[in-house]
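# Breakdown of the fold
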2 protein chains.
Amino acid sequence: MSTPDGPTDLVGMRERNLALVLAEIDRSQPVTRARLAELTGLTKTTVSARVAALTALGLVSAEDPVRAGRGRPGAPVSVASGPIAGLGLEINVGYLSACVLDLTRRVRIRRSVPRAGAGAGADPHRDVAALGRLAHAVTGQARRAGLTLVGTTVAVPGVLHGGAVNAPNLGWDALPAAELFAEALPPQPLPVTVDNEANLAALGELWFGAGAGLGDYVYVSGETGIGAGIVVAGALFRGTHGAAGELGHVVVAPGGPACRCGGRGCLEQVAGLDAVLRAADVPDTAPAGPDARDCADVLGAGELVRRLEAKDRRALAAAKRAGEGLGIALVAVTNLFDPAALVLGGLPARMAPWLTPHITAALEAGGGRLRGRTPTIWRSELTDGAVLGAAGEVVARVLAAPGAVA
Amino acid sequence: MSTPDGPTDLVGMRERNLALVLAEIDRSQPVTRARLAELTGLTKTTVSARVAALTALGLVSAEDPVRAGRGRPGAPVSVASGPIAGLGLEINVGYLSACVLDLTRRVRIRRSVPRAGAGAGADPHRDVAALGRLAHAVTGQARRAGLTLVGTTVAVPGVLHGGAVNAPNLGWDALPAAELFAEALPPQPLPVTVDNEANLAALGELWFGAGAGLGDYVYVSGETGIGAGIVVAGALFRGTHGAAGELGHVVVAPGGPACRCGGRGCLEQVAGLDAVLRAADVPDTAPAGPDARDCADVLGAGELVRRLEAKDRRALAAAKRAGEGLGIALVAVTNLFDPAALVLGGLPARMAPWLTPHITAALEAGGGRLRGRTPTIWRSELTDGAVLGAAGEVVARVLAAPGAVA
């Protein structure tokens, strides 16, 4: 390995060591500088200098400043619970959500508002402006709590390609979302990142739910749309162009209802919220209030679940149809990916008691006999995995490149 | 990194260095010992000792022994084209194949025989015995050509789970194939490995076909059954239990014909050879002769293609149905994996001119508009990718652990 020895490279090495020391603190905290030197293979002098730099950036703090004295070399250090924090945003058909995490991944602020004009004609610029207002409000609230937001990741229910987002359920067609968000959001040192909501919800499950214990899993998410986040060896499987996991457009009813993607009989047209509400004859109720914690309750899902609990005949028939469709799509997932587990999130999690028997039956028939086992089906306990995953993704970016927050 | 310093570890280090030097020779050949020392970071003394050991094992040879004198340190060395060689075997519904590769991956022997009792009642032990006879015959032929076979990989059209193979199209149910093969095959220093034929054909395409230039791809294979080998970042994606890529059991006709897997409407029941021949009214003809090079010709596939070329109405209708089924399954593959390319092998490659229009139409409709692109469709030019991949897998095992051939 030959590297140039000029000053540029020294800067690069300092930045790499900064990230190395911070990652080790995150893994082993609370940890002394002496132990960090052993764990990283760096000299004690280098470790002390990098810990001082991380402390100056507000990323690291001495564990017990009262007893040991702030910055005393023998005192163990930890990742700081402030001021540096990350902002996660989510836009979905019926609501906008925000979540602020500090670097210890503790939730400091959560907020959710109904999406203006949901159901009316699509206006992407209204969405961008509304997301900007939410971000400004949350940034003010964070400032008053002594937090500095250094980056934002936005979860969208769409397919990303080449910097643009197609989200037919929002009425977005090749929207240059990252650029538009960057203009509408408060300025921050890290660039705005946009990602698919199922991907971020899958990471939310990994970091804040049961994901870390499940092995490789496919997280099924969705309200109006349906997506999947595929976790292999503790990381997202994103595909060649970042568009892997588009479960909603797996065909489960060949020749069936036309889909907004241009195909026919897509899973989304059978098991998406709109399709299920229509089949169950449940009206789209008003979105939940501005501080609703449970975003899955919007757009009639709550009423649907109440009718299922009351054994309403049409609701049960709609759930059966959705469960059979999900079964066909998850047989494809299982045959192709051979995951250890399938995680139900979003609407499928809320409907799990009525969907799971159909999914299990499909898995046991469709190749289950050949492979001698079927994946575990796990119901997510998170109701806001996507926005948690979005904020967690900002924290991961800070930990990977701490110098960028300066 | 703390490691024990005992003699065991010295042996481990010697073995690691042996593999490191051999891998670098394979990558950079012809290459001098001095250059190998630079490339590996090992001392020249260590490189010379390891090259001598590799030469003694028959794995490496001096490039130009006449001019430079065998073993002279300045002479470049290369991977030896003998005597060490690997045996690939394939068993499929209509035939058994064998292929011998030397360590330069040159094909030294190919052989193919019809499967005894194909179509009659299943008898796994007859299959094992027939494969043993083929392996003994090829081993004798290799010995007469001055080659020593050090390991065998067997391609099977089935799902592996926990050391057993389920191959309904062969009539194998939880067959402990690796153990049975190990008894029936000539003794060799490396253990017998069994793998799914689609996985090995996907590797065959990577090493001997167009695979290396395609990016991530999904290789679609099959005669009676249909499988897929998924190549991500130049390696097989195997799934949690090694059973990824079971494309044949993706449901493409919900409620359709019963499948041997226990499901209904699996792709195999629409686009597998048996199903297509039945729909096209082509009889299962006699398998090809004992030295057939083109194994895809067995069981009526040749006659089917002739009828398609003659625009036979029933054959065209059968191809349309198969193409539409493949289209639905490959829309699922594309939505879930987002590959750069889809490679058609086996029967789908032979039928490609009649299948591709339906596959392309399905891809363009099913989510193609959302993602702004569809994967490239590539027709494999290999007619025996699985057995080539099987033999190549033995070569890869030798290169990864050269000490094991001693």
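Quick caveat: nothing in here was measured; it's all calculated off a predicted structure. (Residues numbered from 1 in each chain as written. Chains lettered and ligands numbered in written order. Predicted model: local features only at pLDDT ≥ 70, side-chain atom pairs only at ≥ 80, totals over all residues. Heavy atoms only, no water.)

Regarding its fold elements, chain A presents 15 helices and 15 strands. Out of the 406 residues belonging to chain A, those deemed buried represent 55%. Looking at chain A alone, contacts between residues at least 24 apart form 65% of all its contacts between residues at least 6 apart. Accessible area of chain A: about 15800 Å², with a carbon and sulfur share of 54%. (Helix = DSSP H or I, 4+ residues; strand = E, 2+ residues; numbered from the N terminus. Buried < 20%, exposed > 50% of the residue type's maximum accessible area, 1.4 Å probe, protein only. Contact = heavy atoms within 4.5 Å. Areas by Shrake-Rupley, 256 points an atom, 1.4 Å probe, with all protein chains shown as cover.)

Counting residues at the interface gives 45 residues for chain A, matched by 45 residues for chain B. Interface of chain A and chain B: buried area, both sides summed, is about 3800 Å²; carbon and sulfur atoms make up 63% of it. When residues of chain A are sorted by the area they lose upon contact with chain B, Leu336, Asp338 and Leu370 of chain A head the list and together hold 20% of the total. Taken together, the links from chain A to chain B amount to 0 salt bridges. Our enumeration of links across chain A and chain B arrives at 20 residue pairs in polar contact (both at pLDDT 80 or more). Contributions of two or more residues to the side of chain A that touches chain B are made by β7 (159-161), β12 (226-232), α11 (313-337) and α14 (368-371) of chain A. At 7 residues, the largest contribution of residues to the side of chain A that touches chain B is made by α11 of chain A. Residue composition of the side of chain A that touches chain B, grouped by class: 23 nonpolar, 14 polar and 8 charged. (Buried area = accessible area lost by both parts, 1.4 Å probe. Salt bridge = Lys/Arg side-chain N within 4 Å of Asp/Glu carboxyl O. Polar contact = N/O pair within 3.5 Å; in protein donor to acceptor, adjacent residues only side chain to side chain. Nonpolar A, V, L, I, M, F, W, Y, C, P; charged D, E, K, R; others polar.)

In this section: unusual backbone geometry. Most peptide bonds take the trans configuration, and most residues that are not glycine carry a negative phi. Residue and element names in this part refer to chain A. Cis geometry marks the peptide bond from glycine 82 to proline 83; its omega dihedral reads 0 degrees. In this fold, proline 83 is placed in the loop between β2 (77-79) and β3 (84-91). In this structure, alanine 233 is a non-glycine residue whose phi angle is positive, near 55 degrees. As for its position among the elements, alanine 233 is in the loop between β12 and β13 (235-236). Overall, alanine 233 belongs to the exposed group, its relative accessible area being 71%.

This brings us to the relation of the copies chain A and chain B. With an RMSD of 0.0 Å, the fit of chain A onto chain B corresponds to turning through 180 degrees and sliding 0.0 Å along the axis. What we have between these two chains is a two-fold relation. Taken together, the interface assignments show that 100% of the residues at the interface of chain A recur at the interface of chain B, consistent with an identical surface on both copies. (Least-squares fit on C-alpha atoms with pLDDT ≥ 70 in both.)

With that settled, the discussion passes to the sheet that holds strand β8 (residues 164-167) of chain B. All names here are of chain B. Strand order in the open sheet formed by 3 strands is β7-β8-β9, and the pairing between neighbours is antiparallel. What marks the edges here is a single partner per strand, and that holds for β7 (159-161) and β9 (172-175). Geometrically, the sheet is characterised by an average inter-axis angle of 20 degrees between neighbouring strands, direction not taken into account. By the bridge criterion, 3 bridges tie β7 to β8 in an arrangement that is antiparallel. Its bridge partner lying in β8, valine 159 is registered against asparagine 166. (Pairing = 2+ DSSP bridges. Axes fitted to C-alpha atoms, helices over the stretch in contact; angles between N-to-C directions.)

So, about the confidence of the model for chain A. Residues and elements named next belong to chain A. Residues with a pLDDT of 70 or more make up 89% of chain A, whose mean pLDDT is 88. The element-level mean pLDDT for chain A is lowest in helix α4 (residues 65-68), coming to 48, with strand β14 (residues 341-344) highest at 97. In this model residues 1-6 is a low-confidence stretch, pLDDT under 50, and it forms 2 contacts with partners more than four residues away in sequence or in other chains. Across residues 286-296, where pLDDT falls below 50, the model places 23 contacts with residues more than four positions away in sequence or in other chains. For this predicted complex, the interface confidence comes out at an ipTM of 0.87, alongside a pTM of 0.87. (pLDDT = per-residue confidence, 0-100.)

Residues and elements named next belong to chain B. All of the buried residues in helix α9 (residues 273-280) are Leu273, Ala275, Val276, Leu277 and Ala280. On its buried face, α9 sits against α8 (268-271), α10 (301-309), α11 (313-337) and α12 (346-350). Where α9 ends, the next residue or the one after it, aspartate 281, has phi of about 60 degrees, a positive value.

Turning to the environment of alanine 301 of chain A, a few remarks are in order. Tracing the backbone through its elements, the reader meets alanine 301 of chain A in helix α10 (residues 301-309). According to the relative accessible area criterion, alanine 301 of chain A is buried, its value standing at 0%.

Moving on, we come to the pattern of salt bridges. Residues and elements named next belong to chain B. Summed over the entire model, instances satisfying the criterion amount to 28 salt bridges over all chains. The closest approach of N and O atoms between arginine 115 and aspartate 127, which form a salt bridge, is 2.7 Å. One end of the pair, arginine 115, is in the loop between β5 (107-114) and α5 (124-144); the other, aspartate 127, is in helix α5, with 12 residues separating them in the sequence. Residues arginine 115 and aspartate 127 agree in their burial class; the two are buried.

All names here are of chain A. Between α10 and α11, the least distance of the axes is 8 Å, while the angle of their chain directions is 105 degrees. Relative to α11, the element α10 lies roughly perpendicular. Residues Leu304, Arg307 and Leu308 of α10 touch α11, and the partners they reach there are Ala315, Leu316 and Ala319. Tallied by class, residues from the contact of α10 with α11 come to 5 nonpolar, no polar and 1 charged. (Parallel < 35°, antiparallel > 145°, perpendicular 65-115°, else oblique.)

Quick look at the side chain of threonine 153 of chain A now. All names here are of chain A. Summarising the element assignment, threonine 153 is placed in strand β6 (residues 148-156). There is a polar contact of 3.0 Å between the side chain of threonine 153 and the side chain of arginine 397. When neighbours within four sequence positions are excluded, threonine 153 is seen to be in contact with Leu87, Gly88, Leu89, Thr193, Leu200, Ala390, Glu393, Val394 and Arg397.

Residues and elements named next belong to chain A. By the alternation rule, side chains of β14 split into Ala341 and Val343 and Leu342 and Leu344, which are all buried. Strand direction decides the pairing type here: strand β11 (residues 217-222) and β14, joined by 4 bridges, are parallel. Opposite tyrosine 219, over in β14, you have valine 343 as the bridge partner. As defined by bridge partners, β14 adjoins strand β15 (residues 376-379) across 4 bridges and the pair is classed as parallel. Each bridged residue has a counterpart across the sheet, and for leucine 342 the counterpart in β15 is isoleucine 377.

Two aromatic rings, taken as a pair, are described by how far apart their centres are and by the angle between their planes. One pass over the full model with this rule turns up 8 aromatic pairs over all chains. Where phenylalanine 337 of chain A meets phenylalanine 237 of chain B, the ring centres are 5.6 Å apart and the plane angle is 85 degrees; that geometry is what we call edge-to-face. Of this pair, phenylalanine 337 of chain A sits in helix α11 while phenylalanine 237 of chain B sits in the loop between β13 (235-236) and α8, each in a different chain. An aromatic cluster of at least three residues, connected via ring pairs, comprises Phe237 and Phe337 of chain A together with Phe237 and Phe337 of chain B. (Phe/Tyr/Trp six-rings, centres within 6.5 Å; stacked < 30°, edge-to-face > 60°.)

Now for the sheet that holds strand β4 (residues 95-102) of chain B. Residue and element names in this part refer to chain B. Spatial strand order, β5-β4-β3-β6-β10: 5 strands in an open sheet with mixed pairing. Each of the sheet's edge strands pairs with one partner strand only, and the pair in question is β5 and β10 (193-196). Between one strand and the next, the sheet's axes are offset by a mean angle of 20 degrees, whatever the strand orientation.

Before going further, it helps to spend a moment on the environment of alanine 280 of chain A. Residue and element names in this part refer to chain A. By secondary structure assignment, the location of alanine 280 is in helix α9 (residues 273-280). Here alanine 280 falls in the buried class, since its relative accessible area comes to 1%. Excluding anything up to four places from it in sequence, alanine 280 contacts Leu304, Arg307, Arg314, Ala315 and Ala318.

The subject of this paragraph is the nonpolar core. Counting residues in hydrophobic clusters, the biggest one holds 89 residues, and the most contacted among them are Leu247 and Leu304 of chain A together with Leu247 and Leu304 of chain B. Filtering out sequence-adjacent residues up to four positions away, leucine 304 of chain B remains in contact with Val276, Leu277, Ala280, Val282, Ala315 and Met351 of chain B. (Core = buried A, V, L, I, M, F, W, Y, C linked by side-chain atoms within 4.5 Å.)

Turning next to the side chain of threonine 40 of chain B. Residue and element names in this part refer to chain B. By the secondary structure assignment, threonine 40 is in helix α2 (residues 33-40). Of the polar contacts made by the side chain of threonine 40, one reaches the backbone oxygen of leucine 36; its length is 2.7 Å. The residues contacting threonine 40, other than those within four sequence positions of it, are Leu20, Glu24 and Val47.

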